[in-house]
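# Descriptive analysis of the structure
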Amino acid sequence: MNIKTTNTLTEEEKIEIKELEKVCNKAENLESEAFLSNEINFNKNIPCFYLGYEENNLVAFLTTFMPDKNEAEITAFTHPDYRRKGCFKELLEKSTEILRKSKVSNILLLIEVNSKSGKEVLKTFKDAKWVRSEYTLSNKNKVIVPVDKNLRLELVTKENKDICLNLINEIFKMEEGDNDNFIQNAIDASDREAYIVYDNEVLIGTFNLNFKENKVFIYGLGIAPDYQKKGYGKKMLKHVLNIAFEKGDKAVLDVDSDNPSAYNLYIHNGFGIDFQIDYFGYSLFC
């Protein structure tokens, strides 16, 4: 198998990958998709896409998503006709070689809960341990709802970027460099927006939106620690959904199993489970 390694994808390569995903998902009735951009990676120069070709046909693909330098999330697809032939193993070996050189210490294998092939692969990783589950939720109730008018939304720009950075660090405990990359991307990208939220003049929260076709992806939604468990999550979510449904037909987000309060917030406000991804981690330097 001929392996191409890159940190950016051409439009032609993205089409090839999407076609491969469709074939793989149809074979097992799955829904997961790989994130085909390096824009949120902590270091955009590190190769993160690995394409495996046989006779110029894409038969396997692996990506490493690295929002911070501590770990890489691995998503991979192998064409059903080329499974059990070592394709995934070759791509993984190539990727882990680069990750070690880049001093990324941990790997998270992402496996959709209904993936039989994924579970078979997992059996070969004796040291991999379940870390968490992530649920992809969606809301299709395209209804504009009344909102709390005391809440004021402010689009993040270069002028108020530092305010947003400080708030994100307070909420999510992200490292300073990771914060900057995360927010600068939302400012620069035409298909993303970041917001900070005030209750009158008190800064209480933040959220981000990614617009993709008719879907709006919600991420980075958080409430300042001093204002958590005071009903702000529900109030802010109404504003978020109104923006989402002005620009798309479906609001989508991910929530972790270790965040039950957020999960319940979304479920009780019109979201349903689309599918579940399990994360299994292991160290590259053990």
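This text gives an overview of the structure that appears in the document. (Residues numbered from 1 in each chain as written. Predicted model: local features only at pLDDT ≥ 70, side-chain atom pairs only at ≥ 80, totals over all residues. Heavy atoms only, no water.)

### Some remarks on the overall build of the chain
- Helices and strands together make up the secondary structure of the chain, namely seven helices and twelve strands.
- Relative to its length of 286 residues, the chain is compact, with a C-alpha radius of gyration of 20 Å against a globular reference of 19 Å.
- The principal-axis extents of the C-alpha atoms in the chain amount to approximately 60 × 35 × 35 Å.
- Residues counted as buried form 48% of the 286 residues belonging to the chain. (Helix = DSSP H or I, 4+ residues; strand = E, 2+ residues; numbered from the N terminus. Rg over C-alpha atoms; globule rule 2.2 N^0.38 Å. Buried < 20%, exposed > 50% of the residue type's maximum accessible area, 1.4 Å probe, protein only.)

### Some remarks on the sheet that holds strand 1 (residues 2-6)
- Read from one edge to the other, the open sheet built from twelve strands follows the order 1-2-3-4-5-12-6-11-10-9-8-7, with strand pairing classed as mixed. In this open sheet, the two strands that pair with only one neighbour each are strand 1 and strand 7 (151-155). In this sheet, adjacent strand axes meet at a mean angle of 25° when their direction is disregarded.
- Sheet topology note: the strand 9 (residues 202-212)/strand 10 (residues 215-223) ladder contains seven bridges and is antiparallel. Residue pairing in the sheet places Leu209 in a bridge with Ile218 of strand 10.
- Here helix 2 (residues 87-101) sits on the sheet in contact with strand 1, strand 2 (49-54), strand 3 (57-68), strand 4 (71-78), strand 5 (106-112) and strand 12 (272-283), set at roughly 30° to strand 3.
- Seen against the sheet, helix 6 (residues 232-247) touches strand 6 (129-139), strand 7, strand 8 (192-199), strand 9, strand 10 and strand 11 (250-256) and runs at an angle of roughly 160° to strand 10. (Pairing = 2+ DSSP bridges. Axes fitted to C-alpha atoms, helices over the stretch in contact; angles between N-to-C directions. Contact = heavy atoms within 4.5 Å.)

### Quick look at the nonpolar core
- Core analysis: the largest hydrophobic core is formed by 37 residues, its most contacted members being Leu51, Phe61 and Tyr282.
- Excluding residues that lie within four positions of it along the chain, Tyr282 makes contacts with Leu92, Thr96, Ser105, Asn106, Ile107, Leu109, Phe125, Asp127 and Ala128.
- Ranked by size, the runner-up nonpolar core spans 28 residues in total, among them Tyr195, Ile218, Ile243 and Phe245. (Core = buried A, V, L, I, M, F, W, Y, C linked by side-chain atoms within 4.5 Å.)

### A few points about the state of the cysteines
- Tallied over the full model, the rule gives zero disulfides.
- Free cysteine Cys24: the closest other cysteine sulfur is in Cys87, separated by 11 Å.
- Judged by relative accessible area, Cys24 falls into the buried class, the value being 3%. (Disulfide = S-S within 2.5 Å.)

### A word on unusual backbone geometry
- Positive phi, normally seen in glycine, also occurs at Asn29, with a value near 55°.
- Among the secondary structure elements, Asn29 is positioned in the loop between helix 1 (11-28) and strand 2.
- Residue classification places Asn29 among the exposed positions, given a relative accessible area of 67%.
- Not every positive phi belongs to a glycine, and Glu55 is a case in point at roughly 50°.
- In this structure Glu55 comes out as exposed when scored by relative accessible area, which is 75%.

### Things to note about the pairing of strand 2
- Most of strand 2 is tucked away, with five of its six residues classed as buried.
- Pairing of strand 1 with strand 2, which is carried by five bridges, proceeds in the antiparallel orientation. Counterpart to Asn2 in the pairing with strand 2 is Tyr53.
- Pairing analysis gives six bridges linking strand 2 to strand 3, with the strands arranged antiparallel. Pairing of Phe49 across the sheet is with Thr63, part of strand 3.
- Between strand 2 and the antiparallel strand that follows it, strand 3, lie two residues; Glu55 among them carries a positive phi value of about 50°.

### Side note on the side chain of Glu112
- Position of Glu112 among the secondary structure elements: in strand 5.
- Put simply, Glu112 is tucked away with no salt bridge, and the nearest opposite charge, on Arg83, sits 10 Å away.
- Looking at Glu112, its side chain comes within polar contact range of the main-chain nitrogen of Glu31, at 3.1 Å.
- Ignoring any residue separated from it by four or fewer positions in sequence, one finds Glu112 in contact with Leu30, Glu31, Ser32, Phe275, Gln276 and Ile277. (Lys, Arg positive; Asp, Glu negative; His and termini not counted. Salt bridge = Lys/Arg side-chain N within 4 Å of Asp/Glu carboxyl O. Polar contact = N/O pair within 3.5 Å; in protein donor to acceptor, adjacent residues only side chain to side chain.)

### Considering the layout of surface pockets
- There is about 160 Å³ of room inside the second largest pocket.
- What lines the second largest pocket is simply Asn139, Asn141, Val143, Val145, Lys234, Leu237, Lys238, Leu241, Asn242, Phe245, Asn269 and Gly270.
- Of all the elements, helix 6 adds the most residues to the lining of the second largest pocket, at six residues.
- Among the residues forming the lining of the second largest pocket, the class breakdown is five nonpolar, five polar and two charged. (1 Å grid on protein atoms, 1.4 Å probe; cavity = no way out; pocket = protein on both sides within 12 Å on 5 of 7 lines; lining within 4 Å. Points joined across faces, edges and corners; volume = space filled by probe spheres on them. Nonpolar A, V, L, I, M, F, W, Y, C, P; charged D, E, K, R; others polar.)

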